[in-house]
Amino acid sequence: MPVTLVLIHPSVSEESTAVTHPFLDLPPLSAAHFAAIEDRVARLLDTRQDVVIMQGEALLPLEGAIRATAGPETVALNVITGPYGQTFGNWLRDCGATVIDLAVPFHTAVTAEQIREAFAAHPEIDFVSLVHAEAATGNTNPVAEIGEAVRAHGALFYLDAVASVGAEPVLPDAWGVDLCVIGAQKAMGGPAGVSAVSVSARAWARMAANPRAPRHSYLSLPDWKERWIDGGRKALLHAPAQLEMLALEACVARIEADGLEAVMARHRTAALATRAGAVALGGGLEPYVYAESDAAPVATTLRVPSGVVASELVAEALAGDGTLPLAAGGGALAGEMIRVNHYGANATADAVRSSLAALGTGLAKKGLPVDPEGARRTVESFWR
Ligand SMILES: *Cc1c(COP(=O)(O)O)cnc(C)c1O
């Protein structure tokens, strides 16, 4: 095929500027504006602790908080109720900590009693890592009760609240959480590229005393303490991720306008409707998390009947409508688990109804008895 090279010599007049674009040519985000966004996130968490916004996806503060606090003297109780707990245990071990893993089946939640038993068996535990809600497995843990047990024991309490914030209460001060990490990309309906961590005075002290805490590093929380917070939040450590910060501000403003209670209620309703709707649909579909009280409001996991491969059923549903908030379970769970990610903009009757309808179509094709009309009515009854 002949190639024609066209050389363009645009004639640019002196007054002409580039085409305006909503994402480009924005004025720089000031330190004061950055601090104001931090304060707004702190209000959302009802915390008086320092809130540090970090310039990366939530894995940045999740890893940064562990590396800053843990060392060879640390004895950590690492609660595993889903895939993230596994990751935290690996970081803790990498820091030289002694790690006691407490794994519970993914179809349930950990109890405060199990935490107390672990303390009784290992009184030397001085750090507890826990995931609040697990979007990947659909369970949620009773953090208020667990917090009481952790406080009574005196351990530092690290919580991954990325999947719970916006979907259910997250109250670091009331619960005695020392390091509470959030991201905006799930129930907050915001950006994925910035995240936040609230840090207690105890946690700052632990970091200050830890010679192995990262310093002069992108992972470093002590850097933010020393150069940002202790300096009165006057000078940022580096250029802020401006678009992501504006998106975070917009998403917090939207939650404030709707009311946090209303946003959480939307998620709770979507979760209850998905559970009940799946049972009404039939075809052998069942809630993956047995007890409703252990099921996370952020996302609902379903178990497929034997003979059905979850990832295939999801692929078929998405081939019909790529906008449905459906995913198969990760890794070994891909065969048996479906995730209905009814969070953020998908915490709606329509997203739940359409997701179950598409799964019903797929199950019917396999000859399984389903009641799509019953599922639709059940889902709608939750929004009446
Ligand atoms: C979603 C999520 C994160 C953030 O991880 P991504 O997979 O990058 O979105 C962290 N922790 C939990 C519990 C989550 O559900």
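The rules behind each value
What you see as residue numbers is a count from 1 along each chain, following the sequence as written. Thresholds applied to this predicted model are a pLDDT of at least 70 for local features of residues and 80 or more for the giving and counting of side-chain atom pairs; totals over whole chains, interfaces and linings are not thresholded and use all residues. In computing side-chain values, all of the structure's heavy atoms are included and hydrogens and water are not. UniProt positions are given in the numbering used here, feature names are shortened, and annotations may be inferred rather than shown by experiment. Helix and strand assignments follow DSSP, with helices taken as H or I runs no shorter than four residues and strands as E runs no shorter than two, numbered in order from the N terminus. Residues are labelled near a given molecule or strand when at least one of their non-hydrogen atoms is within 4 Å of it. Here a polar contact means two N or O atoms within 3.5 Å. Within protein one must be a hydrogen donor candidate and the other an acceptor candidate, and residues neighboring in sequence count only if both atoms are side-chain atoms. Methods summary: accessible areas were calculated by the Shrake-Rupley approach with a probe of 1.4 Å, and residue burial reflects only the protein chains presented. Polarity classes work like this: nonpolar for Ala, Val, Leu, Ile, Met, Phe, Trp, Tyr, Cys and Pro, charged for Asp, Glu, Lys and Arg, and polar for all others, with Gly in that last group. Note on pairing: two strands pair once DSSP finds at least 2 bridges between them. Axis lines are fitted to C-alpha atoms, over the contacting stretch for helices. Their N-to-C directions set the angle, which ranges from 0 to 180 degrees. Residue contacts follow a heavy-atom distance rule, with two residues in contact if any of their heavy atoms lie within 4.5 Å. Planes of paired rings set the category: under 30 degrees apart is stacked, over 60 is edge-to-face and the rest tilted, where pairs are Phe, Tyr or Trp rings (Trp by its six-membered ring) whose centres lie within 6.5 Å. Exposed residues in this analysis have more than 50% of their type's maximum accessible area, buried residues have under 20%, and partly exposed residues fall in between, with area computed by a 1.4 Å probe over protein chains only. Should the NZ of a Lys or the CZ of an Arg lie within 6 Å of a ring centre and within 35 degrees of the ring normal, that charge is described as sitting over the ring. All the domain ranges listed were derived from an automatic or database domain assignment. Values labelled buried area give the accessible surface lost by two parts on being combined, using a 1.4 Å probe and summing over both. One side-chain nitrogen of Lys or Arg within 4 Å of one carboxyl oxygen of Asp or Glu is enough to make a salt bridge.

Under the present numbering, the feature "domain: Aminotransferase class V" (unreviewed entry) in UniProt falls on residues 93-321. Counting secondary structure, residues 93-321 comes out at 41% helix and 14% strand; the distance between its end C-alpha atoms is 43 Å.

Mapped onto the elements, Thr348 comes out in the loop between strand E11 (337-340) and helix H12 (349-365). On a C-alpha basis, the gap between Thr348 and Leu159 in space is 28 Å, while along the polypeptide they are 189 residues apart.

The next point concerns the site of the ligand. Near the ligand the following residues occur: Glu57, Leu62, Tyr84, Val131, Ala133, Ala135, Asp160, Val162, Ala163, Gln185 and Lys186. Glu57 has a polar side-chain atom sitting 2.7 Å from an oxygen atom of the ligand. Between the ligand and the protein, one listed contact pairs an oxygen atom with a side-chain N or O atom of Lys186 at 2.7 Å. Starting from 370 Å² of accessible surface for the ligand in isolation, the protein chains cover 81%. When grouped by side-chain class, the residues that make up the shell around the ligand number 7 nonpolar, 1 polar and 3 charged.

This part covers the sheet that holds strand E7 (residues 195-199). On the basis of which strands lie adjacent, the open sheet formed by 7 strands has the order E1-E7-E6-E5-E4-E2-E3 and mixed pairing. A strand with exactly one partner marks an edge of an open sheet, and here the two such strands are strand E1 (50-54) and strand E3 (98-103). With direction set aside, neighbouring strand axes in the sheet form an average angle of 15 degrees. Note that strand E2 (residues 75-80) and E3 share 6 bridges and pair parallel. Residue Ala76 lies in a different strand from E3, and its bridge partner there is Val99. Contacts from helix H3 (residues 83-94) reach E2, E3, strand E4 (127-131) and strand E5 (156-160), with the element oriented near 160 degrees to E2. Across the sheet, helix H5 (residues 143-153) touches E4 and E5, and the angle it forms with E5 is around 160 degrees.

This part takes up the environment of Arg43. With respect to the element layout, Arg43 can be found in helix H1 (residues 31-44). Sequence-wise, Arg43 and Val252 are 209 residues apart; in three dimensions their C-alpha atoms are separated by 9.9 Å.

Next up on the list: the packing of aromatic side chains. By the definition in use, this model includes 6 aromatic pairs. Aromatic pair Phe34 and Trp228: ring centres 5.5 Å apart, planes at 85 degrees, arrangement edge-to-face. Taken together, the positions of Phe34 in helix H1 and Trp228 in helix H8 (residues 221-229) put the pair 194 residues apart, joining distant regions of the chain. For Trp228, a relative accessible area of 0% corresponds to the buried category. Arranged with centres 5.7 Å apart and planes meeting at 25 degrees, the rings of Phe88 and Trp91 form a pair that is stacked. Of this pair, Phe88 and Trp91 both sit in helix H3, 3 residues apart, which is roughly one turn of the helix. Among the residues examined, Trp91 registers a relative accessible area of 11% and is labelled buried. Among the aromatic residues, those joined into a cluster by ring pairs are Phe88, Trp91, Phe127 and Tyr158. Over the face of the ring belonging to Tyr288 we find Arg303, whose NZ or CZ atom lies 4.1 Å from the ring centre.

Bringing the domain arrangement of the protein into the picture now. According to the domain assignment, the protein consists of domain 1 (31-258) and domain 2 (260-383). Computed from C-alpha atoms alone, the centre-to-centre distance between domain 1 and domain 2 is 29 Å. In this complex, domain 1 contributes 23 residues to the contact, which on the side of domain 2 involves 23 residues. A buried area of about 1,900 Å², summed over both sides, lies between domain 1 and domain 2, and 64% of it is on carbon and sulfur atoms. The largest per-residue losses of area from domain 1 upon contact with domain 2 belong to His107, Ala167 and Asp258, which jointly make up 27% of the total buried on that side. Between Asp258 and Arg266 there is a salt bridge, with the nearest N and O atoms lying 3.3 Å from each other.

Unusually for a residue other than glycine, His216 sits at a positive phi of about 50 degrees. Along the polypeptide, His216 turns up in the loop between helix H7 (201-208) and H8. Residue His216 is classed as exposed on the basis of its relative accessible area, which comes to 71%.

Here we take up the sheet that holds E11. The sheet built from 4 strands is open, its strands ordered E8-E9-E11-E10 with antiparallel pairing. In this open sheet, the two edge strands, each paired with only one partner strand, are strand E8 (286-287) and strand E10 (326-328). Here strand E9 (residues 300-303) runs beside E11; their pairing, made up of 4 bridges, is antiparallel. Note on E11: the bridge partner recorded for Arg303 is Met337. Packing of helix H10 (residues 260-281) onto the sheet brings it into contact with E8, E9 and E11, and relative to E9 it is tilted by some 15 degrees.

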